[in-house]
Amino acid sequence: MEQKMIALITGANSGLGKQMAKELAALDYIVLLGCRNFDSGKQAAEEIGDSAHTIHLDVTDGQSIAAAAARITTEFGRLDLLVNNAAIGQSGRYSSVGEVMAASRPSAASLDEIRVLFETNALGALAVTKALLPLIRESRSGRIVNVSSAAGSLTLNTDPNSTTRAYFGVTYPLSKIALNAITVALAIELEDSGIKVRAASPAITATAINDFMGGETVEIGVRPLVAAALDIDSPTGSFTGPDGPIPW
């Protein structure tokens, strides 16, 4: 009997992470919902069904990451897919998207704000990946998907005609640039192992990270992430979005 694929999604108690867990569960995956708020994650897992399991996971807490890795090792022994989805758009000190954008300008940005975003959006993803890599190596089709954004594309944002250029700054976009660099570095290190490492950007989606101001539902927004996660055959080191490849 063929074993079910096992996927861990960080930040899976709501939004795109929860929707991705639903869709993978519908494809007969065992889905592990990595959640900082365990109670919220437990509720999400109950909504998804018996194939969903909640794991307490705070990507900024080394002990939490180690405990999650130990539990997955004991209960499952391997991991086929890691989706580094957990992210924040700001530290919580701003009350509107306009304030966040203004505070992202290089001349105004708080270094403390940048550090908070880096800790979750970039370093958190790297820390989780490092801890779970031994489990991913046990898979016959190991994949790592880092949920990025077109905001992290230097090529797009140096194009005067780009629709994202006006929103480019040194807070959230900078953290996604760092995540993209981590993606490339991991892809290079792991290319001989057969583990595929990708960055993927969702469609602009109404979620908590943008005060629900996105243009698409989570069902539509998650499609590029699911496509990247299920892709076992394409070359490693890609960056894709709703319309196909995104330039680094």
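So, a few notes on the structure that sits alongside this text. (Residues numbered from 1 in each chain as written. Predicted model: local features only at pLDDT ≥ 70, side-chain atom pairs only at ≥ 80, totals over all residues. Heavy atoms only, no water.)

### Brief notes about the overall build of the chain
Then comes step 1: The number of helices and strands found in the chain is nine helices and eight strands.
Then comes step 2: Taken over C-alpha atoms, the radius of gyration comes to 17 Å for the chain, in line with the 18 Å a tight globule of 248 residues would show.
Then comes step 3: Its C-alpha atoms give the chain principal-axis dimensions of about 55 × 40 × 30 Å.
Then comes step 4: A total of 248 residues make up the chain; the buried ones form 48% of that total.
Then comes step 5: Pairs at least 24 residues apart make up 66% of the contacts formed inside the chain by residues separated by at least 6 positions.
Then comes step 6: With an accessible surface of roughly 11900 Å², the chain has 54% of that area assigned to carbon and sulfur atoms.
Then comes step 7: Taken together, the 19 basic and 26 acidic charged side chains of the chain have centroids lying 1 Å from each other. (Helix = DSSP H or I, 4+ residues; strand = E, 2+ residues; numbered from the N terminus. Rg over C-alpha atoms; globule rule 2.2 N^0.38 Å. Buried < 20%, exposed > 50% of the residue type's maximum accessible area, 1.4 Å probe, protein only. Contact = heavy atoms within 4.5 Å. Areas by Shrake-Rupley, 256 points an atom, 1.4 Å probe, with all protein chains shown as cover. Lys, Arg positive; Asp, Glu negative; His and termini not counted. Charge placed at Lys NZ, Arg CZ, Asp CG, Glu CD.)

### What to know about the packing of helix α1 (residues 15-26) against helix α2 (residues 38-48)
Then comes step 1: Relative to each other, α1 and α2 sit at 30°, their axes nearing to 10 Å. For the crossing formed where α1 meets α2, the hand is right-handed. Contact residues: Lys 18, Ala 21, Lys 22 and Ala 25 in α1; Ala 44, Glu 47 and Ile 48 in α2.
Then comes step 2: Here the residues of the contact of α1 with α2 sort into four nonpolar, no polar and three charged. (Axes fitted to C-alpha atoms, helices over the stretch in contact; angles between N-to-C directions. Left-handed = near helix turned anticlockwise from the far one by under 90°. Nonpolar A, V, L, I, M, F, W, Y, C, P; charged D, E, K, R; others polar.)

### Quick look at empty space enclosed by the protein
Then comes step 1: The full count for this structure, using the stated rule, is one cavity of 30 Å³ or more.
Then comes step 2: Each pocket or cavity is described by its volume, and for the largest cavity that value is around 30 Å³.
Then comes step 3: Of all the secondary structure elements, the ones that give two or more residues to the lining of the largest cavity are α4 (97-103) and α5 (111-136). (1 Å grid on protein atoms, 1.4 Å probe; cavity = no way out; pocket = protein on both sides within 12 Å on 5 of 7 lines; lining within 4 Å. Points joined across faces, edges and corners; volume = space filled by probe spheres on them.)

### Considering the sheet that holds strand β4 (residues 81-84)
Then comes step 1: Spatially, the eight strands line up as an open sheet ordered β3-β2-β1-β4-β5-β6-β7-β8, and their pairing is mixed. Across the chains shown, the open sheet's two edge strands, defined by having one partner strand only, are β3 (52-56) and β8 (244-245).
Then comes step 2: For strand β1 (residues 6-10) and β4, the ladder comprises three bridges, and the chain directions are parallel. By the bridge assignment for β4, Leu 8 is matched with Leu 82. (Pairing = 2+ DSSP bridges.)

### Observations regarding α5
Then comes step 1: Remark: the principal bend of α5, roughly 45°, maps to Leu 123.
Then comes step 2: The N-cap of α5, judged by a side-chain oxygen 3.2 Å from the amide nitrogen of Asp 112 a few residues on, is Ser 110. (Bend = angle between axes of the 7 residues up to and from the residue. Polar contact = N/O pair within 3.5 Å; in protein donor to acceptor, adjacent residues only side chain to side chain.)

### Focus: the pairing of strand β6 (residues 196-200)
Then comes step 1: Judged by how many residues are buried, β6 sits mostly within the fold: five of five residues are covered.
Then comes step 2: The pairing of strand β5 (residues 143-147) with β6 spans five bridges and is parallel. Its bridge partner being in β6, Val 145 is matched across the sheet by Arg 198.
Then comes step 3: For β6 and strand β7 (residues 238-241), the ladder comprises three bridges, and the chain directions are parallel. Along β7, the bridge assignment pairs Ala 200 with Thr 240.

### A few points about the pattern of salt bridges
Then comes step 1: What the rule picks out here adds up to seven salt bridges.
Then comes step 2: Across the pair Arg 93 and Glu 113 runs a salt bridge, and its minimum N-O distance is 2.9 Å. Of this pair, Arg 93 sits in the loop between β4 and α4 while Glu 113 sits in helix α5; the two residues are 20 residues apart in sequence, bridging distant segments of the chain.
Then comes step 3: The partly exposed category is assigned to Arg 93, whose relative accessible area is 44%. (Salt bridge = Lys/Arg side-chain N within 4 Å of Asp/Glu carboxyl O.)

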